[in-house]
Amino acid sequence: METVEYVIGLIAVIALAGVGALVGFVRPRRRRRNLPPRPGQQAGLPGDRRDGEEHLPGVGDDAEVPRDSATRTVEDVGLPDGPVVERPAPVLGRLVRLRERLARSNSALGQGLLALLSRDTLDEATWEEVEDTLLLADLGVDPTTRIVDALRERVKVLGTRDPAHLRELLREELLTAVGPGMDRTLATQRQGERPAVVMVVGVNGTGKTTTVGKLARLLVAQDKDVVLGAADTFRAAAAEQLATWGDRVGVPTVRSDRDGADPAAVAFDAVKQGTEAEVDVVLIDTAGRLQNKVGLMDELGKVKRVVERHGPVDEVLLVLDATTGQNGLRQAAVFSEVVDVTGIVLTKLDGTAKGGIVVAVQQSLGVPVKLIGLGEGADDLAPFEPEAFVDALLS
Ligand SMILES: Nc1nc2c(ncn2[C@@H]2O[C@H](COP(=O)(O)OP(=O)(O)OP(=O)(O)O)[C@@H](O)[C@H]2O)c(=O)[nH]1
């Protein structure tokens, strides 16, 4: 009997221990199930591991739960294709778009002349004022005398006092002075097996690098392939500045790794690479130099001669800052002797009342103004159109 009681007691103890153990194991797992789901996790999502059971991390779990979710490919996350290339503004009608800038800065010329011609009497004193207005706008003495003489004569012969008619006469005379018949085409067509080569020259700070950058955009807008040559090796930041302009429109820049490298060598390489790449145009930026520094002017002549080993330089553009007025004419004459300037770029016409410099510089050099700068914006460079220019002055 004692043995039976002993066995029953032993079974009871074992059973109690078993229940206790079961409770101990089951409780913690229940508690875990009641935890809120992790953000974004729902039942049945790939985060659930144990054969249909939800899994939330707990003390003692592996630090990392293996993922069996489909990995997203690069295409799925939509990476950008490459650097964003800008689309420059169309070339056609640029001057018309920018006419406000000209009209604003040159209102003394256009509106001033119209006001004088509309006076009740056109006496000697009034004609003198007309003359002064033209001179103040930097037209130069000869063109001013010609315009005033022609206007006086026509007003006298026609006997007109009608403002609209007088405006028309003034427009015609200004247009004649600006030279509507001059050839202003930029030589940017490929020449047989080689690209057109354009060199940009001028004194410091006139806007050469900016002009090369803007011109590259203008050519890209005409669907031309362009290479830039950073032959301004004087100013450390110039090559960087040029390359940035090029990058914006997907145009490569040939430059030297070294500051102070030989500008002729850089220009030569630019034309070589442009030829190999079969581009349409190679644009070469050069360092600013004062016209009275003989050594620097000689160096410029050398750059041109070295480039000419590949073939002729098709266009030499002299950049003149319109705000410097008559001083620009002296620069123009010296540069023209050294590198045979074929076209003028007048920059900063948005910031000066001296729009007449267009007439003066053409008159003194016999070289046409081909482009004008009308602001610091990337597309604020326009091909020069005499009619649109005069209309802007008189608007
Ligand atoms: N308002 C105005 N500013 C201009 C125009 N063209 C150029 N500039 C500004 O003129 C300044 C000088 O331009 P750059 O292109 O650096 O001149 P640069 O001739 O290359 O200078 P250097 O290399 O030192 O000789 C810059 O601040 C340009 O933004 C323009 O048409 N209008």
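All of these numbers come straight from a predicted model, not from anything done at the bench.

### Brief notes about the site of the ligand
Move 1: The local shell around the ligand holds 19 residues, among which Lys-208, Thr-209, Thr-210, Asp-350 and Glu-376 are the closest.
Move 2: At 3.0 Å, a backbone N or O of Gly-205 approaches an oxygen atom of the ligand.
Move 3: Lys-348 is positioned such that a nitrogen or oxygen atom in its backbone is 3.0 Å from an oxygen atom of the ligand.
Move 4: Notes on the ligand: free accessible area 660 Å², of which the protein chains cover 80%.
Move 5: Tallying contributions element by element places helix H9 (residues 208-221) first for the shell around the ligand, with four residues.
Move 6: Residue composition of the shell around the ligand, grouped by class: one nonpolar, eleven polar and seven charged.

### Structural notes on the sheet that holds strand E4 (residues 281-286)
Move 1: Pairing is mixed across the open sheet formed by eight strands, whose spatial order is E3-E2-E4-E1-E5-E6-E7-E8. For this open sheet the edge positions go to strand E3 (253-254) and strand E8 (381-383), each flanked by a neighbour on one side alone.
Move 2: Pairing of strand E5 (residues 315-321) with strand E6 (residues 343-347), which is carried by five bridges, proceeds in the parallel orientation. Note that in E6 the partner of Asp-321 across the bridge is Thr-347.
Move 3: Strand contacts of helix H14 (residues 357-365): E5, E6 and strand E7 (369-373), with the helix running at about 155 degrees to E6, the strand carrying the most contacts.

### Quick look at the pattern of salt bridges
Move 1: Scanning the entire structure with this criterion turns up 19 salt bridges.
Move 2: Between Glu-387 and Arg-171 there is a salt bridge, and its shortest N-O distance comes to 3.3 Å. You can see Glu-387 sitting in helix H15 (residues 386-393) and its partner Arg-171 sitting in helix H8 (residues 163-178), a full 216 residues away along the chain.
Move 3: Take Arg-171: its relative accessible area is 14%, and that puts it in the buried class.
Move 4: Residue Arg-289 pairs with Glu-299 through a salt bridge whose shortest N-O separation is 2.8 Å. Here the residue Arg-289 occupies a position in the loop between E4 and helix H12 (294-307), and Glu-299 occupies one in helix H12, the gap between them amounting to ten residues.

### Regarding helix H11 (residues 263-276)
Move 1: End to end, H11 covers 20 Å across 14 residues, agreeing with the expected 20 Å (1.5 Å per residue, within 8%).
Move 2: Of the positions making up H11, those classed as buried are Pro-263, Ala-264, Val-266, Ala-267, Ala-270, Val-271 and Gly-274. Down the axis, H11 shows its buried residues gathered within 165 degrees of arc, on one side only.
Move 3: Here the buried face of H11 lies against strand E1 (196-201), strand E2 (226-231), E3, E4 and H12.
Move 4: With a side-chain oxygen positioned 3.1 Å from the backbone nitrogen of Ala-264, the residue opening H11 is Asp-262.
Move 5: At the exit of H11 stands Glu-278, carrying a positive phi of roughly 55 degrees.

### Let's talk about the confidence of the model for the protein chain
Caution is warranted with low-pLDDT regions, since their predicted coordinates should not be read in detail.
Move 1: Overall, the predicted model of the protein chain reaches an average pLDDT of 82, with 79% of residues at or above 70.
Move 2: Per-element confidence in the protein chain is highest for E1, whose mean pLDDT is 98, and lowest for helix H1 (residues 2-33), whose mean pLDDT is 46.
Move 3: A low-confidence stretch, residues 16-55 (pLDDT under 50), is modelled with 30 contacts involving residues beyond four sequence positions or located in other chains.
Move 4: Predicted confidence is poor over residues 57-61, with pLDDT under 50, and the contacts of this stretch with residues over four places away or in other chains come to four contacts.

Parameters at a glance
- Residues numbered from 1 in each chain as written.
- Predicted model: local features only at pLDDT ≥ 70, side-chain atom pairs only at ≥ 80, totals over all residues.
- Heavy atoms only, no water.
- Near = heavy atom within 4 Å.
- Polar contact = N/O pair within 3.5 Å; in protein donor to acceptor, adjacent residues only side chain to side chain.
- Areas by Shrake-Rupley, 256 points an atom, 1.4 Å probe, with all protein chains shown as cover.
- Helix = DSSP H or I, 4+ residues; strand = E, 2+ residues; numbered from the N terminus.
- Nonpolar A, V, L, I, M, F, W, Y, C, P; charged D, E, K, R; others polar.
- Pairing = 2+ DSSP bridges.
- Contact = heavy atoms within 4.5 Å.
- Axes fitted to C-alpha atoms, helices over the stretch in contact; angles between N-to-C directions.
- Salt bridge = Lys/Arg side-chain N within 4 Å of Asp/Glu carboxyl O.
- Buried < 20%, exposed > 50% of the residue type's maximum accessible area, 1.4 Å probe, protein only.
- Expected span 1.5 Å × (residues − 1).
- Arc of directions from axis to C-beta.
- pLDDT = per-residue confidence, 0-100.

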